[in-house]
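Structure assessment
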Amino acid sequence: MKTFSMTDIGKMRQVNQDYIFTGEEKIGPLPNLFIVADGMGGHNAGDFASKFTVEHFVGLCKESDEGDIRTVLLNAASAVNKELYEIAIKDPDKTGMGTTLVAATVSEGKIYIVNIGDSRLYVVGTDITQVTRDHSYVQDLVSKGQLNEKDARLHPKKNVITRAIGVSGELDADYFEYELGEGERILMCSDGLTNMIEDRDIRSIVRSRQDLSAAVKALVDSANECGGIDNISVILIEP
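In this report, we go over the structure that sits alongside the text. (Residues numbered from 1 in each chain as written. Predicted model: local features only at pLDDT ≥ 70, side-chain atom pairs only at ≥ 80, totals over all residues. Heavy atoms only, no water.)

Observations concerning the packing of helix H1 (residues 46-63) against helix H2 (residues 69-90)
- Where H1 meets H2, the closest approach of the two axes is 9 Å, and the angle between their N-to-C directions is 140°. Taken together, the axis directions place H1 and H2 in an arrangement best described as oblique. The chirality of how H1 crosses H2 is right-handed. Here H1 contributes Phe-48, Ala-49, Phe-52, Thr-53, His-56, Phe-57, Leu-60 and Cys-61 to the contact with H2, which in turn contributes Val-72, Leu-73, Ala-76, Ala-77, Ala-79, Val-80, Glu-83, Leu-84 and Ile-87.
- Here the contact of H1 with H2 is composed, by residue class, of 14 nonpolar, 2 polar and 1 charged. (Axes fitted to C-alpha atoms, helices over the stretch in contact; angles between N-to-C directions. Helix = DSSP H or I, 4+ residues; strand = E, 2+ residues; numbered from the N terminus. Parallel < 35°, antiparallel > 145°, perpendicular 65-115°, else oblique. Left-handed = near helix turned anticlockwise from the far one by under 90°. Contact = heavy atoms within 4.5 Å. Nonpolar A, V, L, I, M, F, W, Y, C, P; charged D, E, K, R; others polar.)

And the structure:
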């Protein structure tokens, strides 16, 4: 397995509220673990929320005695959500904080994913496939047929998410399993990338560079060249 990851503050923000983790080795019962979290922009302590969530999610996975990957990931997401929510309701300085979370592990040619919010996981091969589904206001409109994908990218409420870690005592997380094809790469990212670059251009950059670090740096550079209005985080995995 080869991986490369990068997080960048972008060109407009004063603080990087993204937080990422890459663990190529065993994490508790998991064979490996990769995470992107994007603290809720415009809310109190978004940077605290993303860092806390990632670090505690990793810790919970390490301590898990479950044998089922799905259970490990979902239990960790639920537990860290409860922990962050309890901090938020006790500390006035952190009221309203939250974060997205996309976490994945790869085992025997299959990806296991838990997702909350609008950070994404793609599989990139001859095509590009978004495996996760955004929990966002505009995605709900797209799903209902009230908005097309092109208009969704320009919608003034495109950054409004409908689910996040830490905003409620109960968590409704999505879980996915995806069978990898030959030569496919896994891309995980925050919306600082996907709001700046269209999927077809992400695919082109990833496919045109053999070296993972060159591909990731090119993605971040491209997002900044297109405006860099948000923090940008990218993890690229070659199983």
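Quick notes on the sheet that holds strand E1 (residues 2-8)
- The strand order across the open sheet built from 5 strands is E1-E10-E9-E6-E7, with neighbouring strands paired in antiparallel fashion. For this open sheet the edge positions go to E1 and strand E7 (128-130), each flanked by a neighbour on one side alone. Mean inter-strand twist for the sheet, computed between neighbouring axes without regard to direction, equals 15°.
- Looking at chain direction, strand E6 (residues 120-124) and strand E9 (residues 185-189) are connected through 5 bridges and run antiparallel. Considered in E9, the bridge of Val-123 is made with Ile-186. (Pairing = 2+ DSSP bridges.)

Here we look at the environment of Ile-235
- Among the secondary structure elements, Ile-235 is positioned in strand E10 (residues 232-238).
- Sequence separation between Ile-235 and Ser-5 is 230 residues; the distance between their C-alpha atoms is 4.3 Å.
- Residues contacting Ile-235, with those up to four places away along its chain left out, are Phe-4, Ser-5, Ile-20, Phe-21, Thr-22, Phe-34, Ile-35, Val-36, Ile-186, Leu-187 and Met-188.

Some thoughts on the packing of aromatic side chains
- For the structure on display, the rule yields 1 aromatic pair.
- With a centroid separation of 5.6 Å and 25° between ring planes, the pair formed by Phe-48 and Phe-52 is classed as stacked. With Phe-48 and Phe-52 both in helix H1 and 4 residues apart, the pair spans about one turn of that helix.
- Just above the ring of Tyr-175 sits the side chain of Arg-70; from NZ or CZ to the centre is 5.3 Å.
- Lying over the aromatic face of Phe-48, Lys-94 brings its terminal NZ or CZ to 4.7 Å of the ring centre. (Phe/Tyr/Trp six-rings, centres within 6.5 Å; stacked < 30°, edge-to-face > 60°. Lys NZ or Arg CZ within 6 Å of the ring centre and 35° of its normal.)

A closer look at the pattern of salt bridges
- All chains considered together, the criterion is met by 9 salt bridges.
- Two residues, Lys-94 and Asp-91, come together in a salt bridge whose shortest N-O distance is 3.1 Å.
- On the basis of relative accessible area, Lys-94 is assigned to the buried category, the value being 18%.
- A salt bridge links Arg-163 to Asp-172; its shortest N-O distance comes to 3.5 Å.
- What emerges from the salt-bridge pattern is a single network uniting Arg-163, Asp-172 and Asp-174. (Salt bridge = Lys/Arg side-chain N within 4 Å of Asp/Glu carboxyl O. Buried < 20%, exposed > 50% of the residue type's maximum accessible area, 1.4 Å probe, protein only.)

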